[in-house]
Amino acid sequence: MKLVQHFTDFLNESVNLNNTRLEQLHKSAEALKTFIRGSNWKPKIKKFGAQGSWAHRTIIKPIVGNAFDADLIVFVHPVDGWDARTYLGELRAEFAASETYKDKVRRFSHCITIEYAGERKIDIAPCVVDRQGFITREVCNFNTNEFELTRPNSYTKWINERDAWAGLSGLRKTTRLLKYLRDIKTTFTCPSFLLTTLLGYRIDAADANNDKDFADTPTALKTIVGRLDDWLQAQNGVPSILNPVLTSETLSDVWDDTKFTNFRAKIHTYREWIDDAYAEPDRDESIGKWRRVF
């Protein structure tokens, strides 16, 4: 059975990030924007923007004991003489000199992270606009000291388009459910950006009028996971999965043969379980089978 209301309740109660945490996230992000604007960080700020699961509206509630994280991108004009490391190093130095943030700040390869006592983390990534006179958007890699092309707004538009085709936020809700399944079961490895892209590739313009396969949340889940499994079973070895808006970036480089083979096998198993729960005519039996999935 589809058990549509059960899925609505499950998403609201167990999967979706609740409104209180979303409000905390927005307040923290606004405070960070205010701090950066008022700091001595040299780059001229063009604008801020949400990135990743926050921007795509696929952010989920963390497993108990873990923090949830969100990505904030700060678009800046280039500074003469600055290399990629300097943008991140100088931004970290501003936060490290602050009484408010000095014990919360950490630096990673492409961002600095503000950690709020295990409750939430916000990654702040500088994005340099139109460096060297070209129309580009580039993030900074501290480890390699290189600027790397990025197109976060184009990717968000790509996700929005496919989610609209899937109807009733079918792509977003399926993405959240599979991220929850990944996190709660820990049986496969797939970074969120790669997982979101894999699912997005399973939707195309022909689905805009496909009321049958995307009638509701459990039907969309069954459809998308089924398509993903069909595609995965046809692959021999790790496939080349490209960023749809930046084809020079191969997202599947994070996988080796072992990780990919395991992902393919687990998705096949979960596809069988989902199909079984969906087709089960007895309500109580169906509930038990859906619980086996999640």
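Scope of this entry: the structure provided in the associated data block. All of these numbers come straight from a predicted model, not from anything done at the bench.

1. So, the overall build of the protein chain
Within the protein chain one finds 10 helices and nine strands. Relative to its length of 294 residues, the protein chain is compact, with a C-alpha radius of gyration of 21 Å against a globular reference of 19 Å. Structurally, the protein chain occupies a C-alpha span of about 65 × 40 × 35 Å along its principal axes. Classification of the 294 residues of the protein chain by burial places 48% in the buried group. Taking all contacts inside the protein chain whose residues are at least 6 apart in sequence as the whole, residues at least 24 apart take part in 66%. Distance between charge centres in the protein chain, computed from 42 positive and 40 negative side chains, equals 3 Å.

2. Details of the environment of Cys 111
Inspection of the secondary structure puts Cys 111 in the loop between strand 3 (105–107) and strand 4 (112–116). Accessibility expressed as a relative area gives 12% for Cys 111, which makes it buried. Sequence separation of Cys 111 and Leu 91 is 20 residues, and the distance between their C-alpha atoms is 9.3 Å. Those residues in contact with Cys 111, other than ones at most four positions away along the chain, are Leu 88, Arg 106, Asp 123, Ile 124 and Ala 125.

3. Observations regarding the packing of aromatic side chains
Applying the stated criterion to the full structure yields 17 aromatic pairs. Ring centres of Trp 82 and Tyr 87 lie 5.0 Å apart, and the angle between their planes is 80°; this geometry places the pair in the edge-to-face category. Owing to a relative accessible area of 17%, Trp 82 belongs among the buried residues under this scheme. The class of Tyr 87 is buried, set by a relative accessible area of 1%. For the pair Tyr 87 and Phe 147, a centre-to-centre distance of 5.9 Å together with 75° between the ring planes defines the contact as edge-to-face. Placement of Tyr 87 in helix 4 (residues 84–96) and of Phe 147 in strand 7 (residues 146–149) is noted, with a sequence separation of 60 residues between them. We note that Tyr 87, like Phe 147, is buried.

4. Thoughts on the packing of helix 8 (residues 217–233) against helix 9 (residues 257–279)
How two helices pack is summed up by the angle between their axes together with the distance between the axes. Contact geometry of helix 8 with helix 9 gives a least axis separation of 9 Å together with a crossing angle of 145°. Note that helix 8 runs across helix 9; the crossing there is left-handed. The residues of helix 9 that touch helix 8, namely those facing Pro 218, Thr 219, Leu 221, Lys 222, Val 225, Gly 226, Leu 228, Asp 229, Asp 230, Leu 232 and Gln 233, are Phe 260, Phe 263, Arg 264, Ile 267, His 268, Arg 271, Ile 274, Asp 275 and Tyr 278. Broken down by class, the residue content of the contact of helix 8 with helix 9 amounts to 10 nonpolar, four polar and six charged.

5. As for the pairing of strand 5 (residues 120–129)
With respect to burial, strand 5 is a largely interior element, nine of its 10 residues being buried. Direction of pairing for strand 2 (residues 68–76) relative to strand 5: parallel, over a ladder of nine bridges. Each residue of the ladder has a partner; that of Asp 69, found in strand 5, is Lys 121. Here strand 4 runs beside strand 5; their pairing, made up of five bridges, is antiparallel.

6. Some thoughts on the layout of surface pockets
Of the pockets and cavities examined, the largest pocket occupies roughly 1500 Å³. Forming the boundary of the largest pocket are 47 residues, of which Gln 51, Gly 52, Asp 71, Ser 192 and Phe 193 lie nearest the centre. Among the elements of the structure, helix 3 (52–56), strand 2, strand 5, strand 7, helix 5 (152–166), helix 6 (170–185), helix 7 (192–200) and strand 9 (246–250) are those that each provide at least two residues to the lining of the largest pocket. Here the lining of the largest pocket is composed, by residue class, of 22 nonpolar, 15 polar and 10 charged. For the second largest pocket, the full set of lining residues is Leu 3, His 6, Phe 7, Phe 10, Ile 287, Trp 290, Arg 291 and Phe 294. Listed by contribution, the elements that provide at least two residues to the lining of the second largest pocket are helix 1 (4–15) and helix 10 (283–293). Per-class residue counts for the lining of the second largest pocket are six nonpolar, one polar and one charged.

7. Digging into the nonpolar core
In terms of nonpolar packing, the biggest core is built from 40 residues, with Leu 221, Phe 263, Trp 290 and Phe 294 touching the most fellow members. At the level of elements, helix 1, helix 5, helix 6, helix 7, helix 8, helix 9 and helix 10 are the ones that each hand at least two residues to this core. With near-sequence residues (within four places) excluded, Trp 290 lies in contact with Met 1, Lys 2, Leu 3, Phe 7, Pro 218, Leu 221, Ile 274, Ala 277 and Tyr 278.

8. Re the pattern of salt bridges
By the definition in use, this model includes 20 salt bridges. Of the charged contacts, one joins Arg 227 and Asp 207 as a salt bridge, the two residues approaching to 2.9 Å between their closest N and O atoms. Placement of the pair is Arg 227 in helix 8 and Asp 207 in the loop between helix 7 and helix 8, with a sequence separation of 20 residues. For Asp 207, a relative accessible area of 4% translates into the label buried. Classification of Arg 227 by relative accessible area gives partly exposed; the value is 25%. One connected set of salt bridges, linked through shared partners, spans Lys 222, Asp 229, Asp 230, Arg 271 and Asp 275.

Reading the values: the criteria
- Residues numbered from 1 in each chain as written.
- Predicted model: local features only at pLDDT ≥ 70, side-chain atom pairs only at ≥ 80, totals over all residues.
- Heavy atoms only, no water.
- Helix = DSSP H or I, 4+ residues; strand = E, 2+ residues; numbered from the N terminus.
- Rg over C-alpha atoms; globule rule 2.2 N^0.38 Å.
- Buried < 20%, exposed > 50% of the residue type's maximum accessible area, 1.4 Å probe, protein only.
- Contact = heavy atoms within 4.5 Å.
- Lys, Arg positive; Asp, Glu negative; His and termini not counted.
- Charge placed at Lys NZ, Arg CZ, Asp CG, Glu CD.
- Phe/Tyr/Trp six-rings, centres within 6.5 Å; stacked < 30°, edge-to-face > 60°.
- Axes fitted to C-alpha atoms, helices over the stretch in contact; angles between N-to-C directions.
- Left-handed = near helix turned anticlockwise from the far one by under 90°.
- Nonpolar A, V, L, I, M, F, W, Y, C, P; charged D, E, K, R; others polar.
- Pairing = 2+ DSSP bridges.
- 1 Å grid on protein atoms, 1.4 Å probe; cavity = no way out; pocket = protein on both sides within 12 Å on 5 of 7 lines; lining within 4 Å.
- Points joined across faces, edges and corners; volume = space filled by probe spheres on them.
- Core = buried A, V, L, I, M, F, W, Y, C linked by side-chain atoms within 4.5 Å.
- Salt bridge = Lys/Arg side-chain N within 4 Å of Asp/Glu carboxyl O.

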